[in-house]
Amino acid sequence: MTSDNSAAFVAFDRVQKSYDGETLVVKDLNLSIPKGEFLTMLGPSGSGKTTCLMMLAGFETATHGEITLGGKPINNIPPHKRGIGMVFQNYALFPHMTVAENLAFPLEVRKIGKSDREAKVMRALDMVQMGAFGGRRPAQLSGGQQQRIALARALVFEPELVLMDEPLGALDKQLRETLQFEITNLAHQLGITTVYVTHDQTEALTMSDRVAVFDDGRIQQLAPPDELYERPQNSFVAQFIGENNTLMGTVSAMRGDTAEVRLDSGEMIETVPVNVSNVGDRTLVSIRPERVEYNAERLSSDAHTLNAEVLEFIYMGDIYRTRLRVAGREDFIIKTRNAPDQRRLAPGEKIKIGWRPQDCRALDA
Amino acid sequence: MTESATSPDDFAATAQDGAQKKGARQAPVLAADGRPLKASLNRALRAQKMRALMLIAPLLIFILVTFVAPIADMLFRSVENQIVSETFPRTVMSLEEWDTDGLPGEDTYAALTYDFVEAAERRLHTRVGSRLNYETTGMSSIFRKSGRDVGDVGEAYADQFIALDPAWEDPATWVTLLGSQDWLRDQAEWTADATEARSADMVFDISEPRFALATAPRVLLPETADAYRSFAQTIADVDQDSPTSEEPWNSVYLALYRDLMRTDAATIAAYDGPGRDLLVAADAAVDGFEAVDLQALYAEMDDGWVEMPIWETFEAFSDPYTAGYFLAAVDLQLTPDGIEAQPENQRVYILLFQRTIFMSLMIMGMCVLLGYPIAFLLSNLSMRASNLLLILVLLPFWTSLLVRTSAWKVLLQQEGVINDILVWIGLVADNDRLALINNQFGTIIAMTHILLPFMILPLYSVMKTIPPTYVRAAKSLGATNWTAFWRVYFPQSIPGIGAGCILVFILSIGYYITPELVGGRTGTFISNRIAFHISTSLNWGLAAALGSILLALVLALYWVYDRIVGIDNVKLG
């Protein structure tokens, strides 16, 4: 996670933040974001992600360390001079101004001429497909429309960096998905650098170029979405991102790029060692539910198999979700695609399950 | 999760709603039983409404009885003027024909006599005197003085009638001459009953039958009949005396004289009721009676009676309802020639109203200036700190108003703390201490202090609802601290300013105690004048008129405020 500050557009260098002088909310944060990247800060509430965003925006000051923007330290620059666009969770559209006035506000304070202003406002509104709503008050708009306007307002003065603080948190699922798509498209089209804060992992995975997973004031993993999902660096990331089956065990042998793990229930399985290195280490083995196979024909020949008993079968339309008893645990989930040739399991059925060794990762306990 | 049905971006739904509403206007929607849905709904809600009404009923009744009704009565007094026309009905009637050109004639003085004697007997004349004194000074003393002497008017005629025939002195003569047959019979029965009861030592508490006039003399001798009835009923009301045992007032003899002088002998001779001979004899003699000049008699009592102002005032305030109080409340007066301005040295109310509004606005402005930063701080502090500060803001509420006002007296007086400090610093010479109290300055200072919480609390409650993200958003958009405040925060706090201003202004415009204590001569409000008229000058009509104007003023300002700011924008929390 070392950062190359010279290429970075935004860089956090050993940044710490404490509110009360006793505990650190952000612990030694190092992060560099290249120009044009869509970076998401993902984490549970209280993990420090919003504090990082606020430090970047200038509403909080770092207790220690330096934040640079375009190579210049911005610690002592007040927020209004940073030129960073920001979108808030509750939209923060000024209720006493019309939509057009809201959009014109950043241009006005930058003393941009009236005709120029109007053209820019119009362009920004069209950009979010809200061209016809310039004369309305924010209260007359739906949540999704308000968020579009908030986005347009953050972009209308053409900032190079846009910060978004859980902008879609208050919207319903469908609208959220539409807007996720629109925001990413817009960000890539305009080539702006975006730092996006969310606690919704789906949002983080679908939108970002890279995701920084925050927990306990630290970045736990910084990686592109697919890597984050498929190759979590530690058990926190594995469990926070996506659904995950875990089995506790002890490393019994290390063989190059595989580690043999003896599960607590006695079975032996082969895993990819991620952050275990010694025989005898306690480990948490993680397997994604959709990588587990029970159809014998589909199991590869080298696959490990375990005995399982079906406890529950849930039909979810596009997928089947089955809860199994495996290696003494009753919360082992498998997901299978609803394909024509797929067999539906019945509770009580005894089956064998298996997976490819590379899908099974031995993480810190 | 199936949220697909509700999309906030869906406008078709609202359009459909609108269409439905339109349809509802054309044909009423019917409930399942065929009744209009509205009626069904009303019926369903009636029980609920009744219960709500029952819950508020005790308070409602309490307020109606103890508050609304007295205020309505008080406001009614601002136009009510029945006392003049009720106490001096004959005079008022006779003045209707007066052309205000020179003193009224003998008839009016006679009418005045009949009214005045009765009023004096009933002790109402001083009240009329005070009432008219509000309009023209000196009236009160004229009425009071004359009340003692008015009984003698007509004495000369009484003497002459009695000299003519002593029967005129006999109450029985008058009773039989003027009393109706029915009354005479009832009276006789009552006397018999009373005598019987007395002899049997029994309690007899039936009052004497009320005197009633016979028909014939009412036509023949209208003034006499009227004056005698007034006499008979008044002595019965005031002293429980009976006309059968009392010699009539001198005014009755005056009336008889005037009646006989006016009526020709033939008409008298045609009369065949009781006392005919007496009347005929008196009629023959009255021409030889020595006439008395009533005007001269009144002039003897008080010169005021033969001067114009008293009659002009009488005339102007003879109506049962008058705009006089309202006119007086705006420094105008009612004269026979119409509405005129008060003499310059008596104009006080317009000035007082102006001063009241000016000072209330000053106090309101001071409260905004002082309260806004406090409220801003309060709403931005942490919960604990803001609670502590709020207690300090509320502290004045828990201290007696009198204590606070007195504290200002101690601080601001010429030998007070502030002057002492200024002298000690050397800013002010010891012999030239500042007058900080008993003037407008003192009132504004003390009232601002007292009303400040009423500004801070609504401001605070509005400011607390303004999320900090607005200012943050403004800053992130490039606004400086000041621009973010002025363009984004301040406009959203306006409802709080509005609420505070209305509260403070309305409270201060009617404030009484503090201006009374620290206002001196130049710092008093219209309310102090109202209090003066209520408790000292007892001119309740004027007090009511002033109060009504104040009320109208507040309502008008409220309306203006509603038009400009919008009352929906007022938030108290």
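Residues numbered from 1 in each chain as written. Chains lettered and ligands numbered in written order. Predicted model: local features only at pLDDT ≥ 70, side-chain atom pairs only at ≥ 80, totals over all residues.

### Some remarks on the overall build of chain A
For chain A, the helix and strand inventory stands at 8 helices and 19 strands. Once the C-alpha set of chain A is aligned to its principal axes, its extents read approximately 75 × 45 × 35 Å. Out of the 365 residues in chain A, the part that is buried amounts to 42%. Counting only contacts in chain A whose residues sit at least 6 apart along the sequence, the fraction spanning at least 24 positions is 65%. (Helix = DSSP H or I, 4+ residues; strand = E, 2+ residues; numbered from the N terminus. Buried ≥ 20, exposed ≤ 12 C-beta atoms within 10 Å, placed from the backbone. Contact = placed C-beta atoms within 7 Å.)

### As for the overall build of chain B
When you go through chain B residue by residue, the secondary structure sums to 28 helices and 2 strands. Here chain B has a C-alpha radius of gyration of 37 Å; the compact-globule value for 573 residues is 25 Å, and the former is much larger. For chain B, the spread of C-alpha atoms along the principal axes amounts to about 115 × 90 × 55 Å. The burial tally for chain B puts 32% of its 573 residues in the buried class. Contacts in chain B between residues at least 24 apart in sequence constitute 69% of all its contacts with a sequence separation of at least 6. (Rg over C-alpha atoms; globule rule 2.2 N^0.38 Å.)

### Comments concerning the sheet that holds strand E7 (residues 161-165) of chain A
All names here are of chain A. With respect to topology, 6 strands assemble into an open sheet ordered E6-E7-E8-E3-E9-E10, the strand pairing being mixed. Where the open sheet ends on each side, the last strands, each with one partner, are strand E6 (84-87) and strand E10 (218-223). Between one strand and the next, the sheet's axes are offset by a mean angle of 20 degrees, whatever the strand orientation. Bridge analysis of strand E3 (residues 38-42) against strand E8 (residues 193-198) gives 5 bridges, and the strand direction is parallel. Considered in E8, the bridge of Phe38 is made with Thr194. (Pairing = 2+ DSSP bridges. Axes fitted to C-alpha atoms, helices over the stretch in contact; angles between N-to-C directions.)

### Some points on helix H7 (residues 139-149) of chain B
Residues spaced three or four apart along an α-helix point in a common direction, a consequence of the helix completing one turn every 3.6 residues. All names here are of chain B. Residues Met139, Ile142, Phe143, Ser146 and Gly147 constitute the buried set of H7. Taken end-on, H7 shows its buried residues confined to a sector of 130 degrees, consistent with a single buried face. Packed against the buried residues of H7 are helix H5 (106-121), helix H6 (125-135), helix H16 (294-301) and helix H17 (308-316). (Arc of directions from axis to C-beta.)

### As for the pairing of strand E13 (residues 268-273) of chain A
Residues and elements named next belong to chain A. Two elements, strand E12 (residues 258-263) and E13, share 4 bridges in a ladder whose sense is antiparallel. Paired with Ala259 across the bridge in E13 is Thr271. Linking E12 to E13, which pair antiparallel, is a turn of 4 residues; within it Gly266 sits at a positive phi near 110 degrees. Across 2 bridges, E13 lies against strand E19 (residues 361-364) in parallel orientation. Of the residues in E19, the one forming a bridge with Pro273 is Ala362.

### With respect to the domain arrangement of chain A
Residues and elements named next belong to chain A. Along its sequence, chain A is organised into domain 1 (10-236) and domain 2 (243-364). The interface is formed by 4 residues belonging to domain 1 together with 7 residues belonging to domain 2. Looking at the side of domain 1 that touches domain 2 residue by residue, the classes come out as 1 nonpolar, 3 polar and no charged. (Domains from an automatic or database assignment. Nonpolar A, V, L, I, M, F, W, Y, C, P; charged D, E, K, R; others polar.)

### Side note on the domain arrangement of chain B
How big an interface is tends to be stated in terms of the accessible area lost upon association of its parts. One can read the domain layout of chain B as domain 1 (20-77), domain 2 (85-152 + 294-322), domain 3 (165-286) and domain 4 (349-569). Here the C-alpha centre of domain 2 of chain B lies 53 Å away from the C-alpha centre of domain 1 of chain B.

### Quick look at the nonpolar core
With 158 residues, the main nonpolar core has A:Ala152, A:Leu163, A:Ala212 and B:Val504 as its most contacted residues. Of all the elements, helix H23 (residues 440-464) of chain B adds the most residues to this core, at 15 residues. Apart from the residues within four sequence positions on either side, A:Ala212 is in contact with A:Leu31, A:Leu39, A:Thr40, A:Met41, A:Leu42, A:Ile219 and A:Leu222. Ranked by size, the runner-up nonpolar core spans 54 residues in total, among them B:Leu112, B:Val128, B:Trp168 and B:Val286. (Core = buried A, V, L, I, M, F, W, Y, C linked by C-beta atoms within 7 Å.)

### Some points on the environment of A:Gln221
All names here are of chain A. Tracing the backbone through its elements, the reader meets Gln221 in strand E10. The exposure class assigned to Gln221 is buried, which follows from the 22 C-beta atoms found within 10 Å. Along the primary structure Gln221 and Gly242 are separated by 21 residues, whereas in three dimensions their C-alpha atoms are 15 Å apart. The residues touching Gln221, leaving out its near neighbours within four places in the chain, are Val213, Leu228, Pro232, Gln233 and Val237.

### Remarks on the interface of chain B and chain A
Counting residues at the interface gives 21 residues for chain B, matched by 26 residues for chain A. With 6 residues, helix H24 (residues 468-476) of chain B is the single largest residue contributor to the side of chain B that touches chain A. Looking at the side of chain B that touches chain A residue by residue, the class counts come to 9 nonpolar, 8 polar and 4 charged.

### Describing the sheet that holds E13(A)
Paired through their backbone hydrogen bonds, the strands of a sheet run either parallel or antiparallel. Residues and elements named next belong to chain A. Strand order in this closed barrel of 5 strands is E11-E12-E13-E19-E14, and the pairing throughout is mixed. Averaged over neighbouring strand pairs, the angle between their axes works out to 55 degrees when direction is ignored. Note: strand E11 (residues 245-255) against strand E14 (residues 282-287), 6 bridges, orientation antiparallel. Within E14, the residue paired with Thr246 across the bridge is Ser286.

### A short note on the confidence of the model for chain B
Residue and element names in this part refer to chain B. Across chain B, the average pLDDT comes to 84, with 94% of residues at or above 70. Here helix H1 (residues 12-26) is the element of chain B with the lowest mean pLDDT, 46, and helix H19 (residues 349-380) is the one with the highest, 93. Below pLDDT 50 for its whole length, residues 1-24 participates in 15 contacts with residues either more than four positions away or in separate chains. For this predicted complex, the interface confidence reaches an ipTM of 0.82, while the overall pTM sits at 0.74. (pLDDT = per-residue confidence, 0-100.)

### Things to note about the environment of A:Thr202
Its location among the elements puts A:Thr202 in helix H6 (residues 201-207). Separated by 23 residues in the primary sequence, A:Thr202 and A:Pro225 have C-alpha atoms spaced 9.7 Å apart.

### Things to note about the packing of helix H2 (residues 99-109) of chain A against helix H3 (residues 114-127) of chain A
Residues and elements named next belong to chain A. In contact at an axis separation of 9 Å, H2 and H3 are set at 125 degrees when each is read in the N-to-C sense. The orientation of H2 relative to H3 falls into the category oblique. Remark: the crossing between H2 and H3 carries right-handed chirality. Touching Ala100, Leu103, Ala104, Leu107 and Glu108 of H2 are Arg117, Lys120, Val121, Ala124 and Leu125, all from H3. In the contact of H2 with H3, the residues fall into 7 nonpolar, no polar and 3 charged. (Parallel < 35°, antiparallel > 145°, perpendicular 65-115°, else oblique. Left-handed = near helix turned anticlockwise from the far one by under 90°.)

### A word on unusual backbone geometry
Residues and elements named next belong to chain A. Non-glycine residue Arg14 carries a positive phi angle of around 50 degrees. By the secondary structure assignment, Arg14 is in strand E1 (residues 10-18). Judged by the 12 C-beta atoms lying within 10 Å of it, Arg14 falls in the exposed class. If you check the backbone angles, Glu166 has positive phi at about 45 degrees while not being a glycine. Position of Glu166 relative to the elements: it lies in the loop between E7 and helix H5 (173-190).

### Let's talk about the pairing of E12(A)
Residues and elements named next belong to chain A. Only one face of E12 is covered, namely the one carrying Ala259, Val261 and Leu263; the face carrying Thr258, Glu260 and Arg262 has none of its residues buried. Relative to E12, E11 is paired through 6 bridges, and the arrangement is antiparallel. Across the sheet, the residue bridging to Ala253 is Glu260, located in E12.

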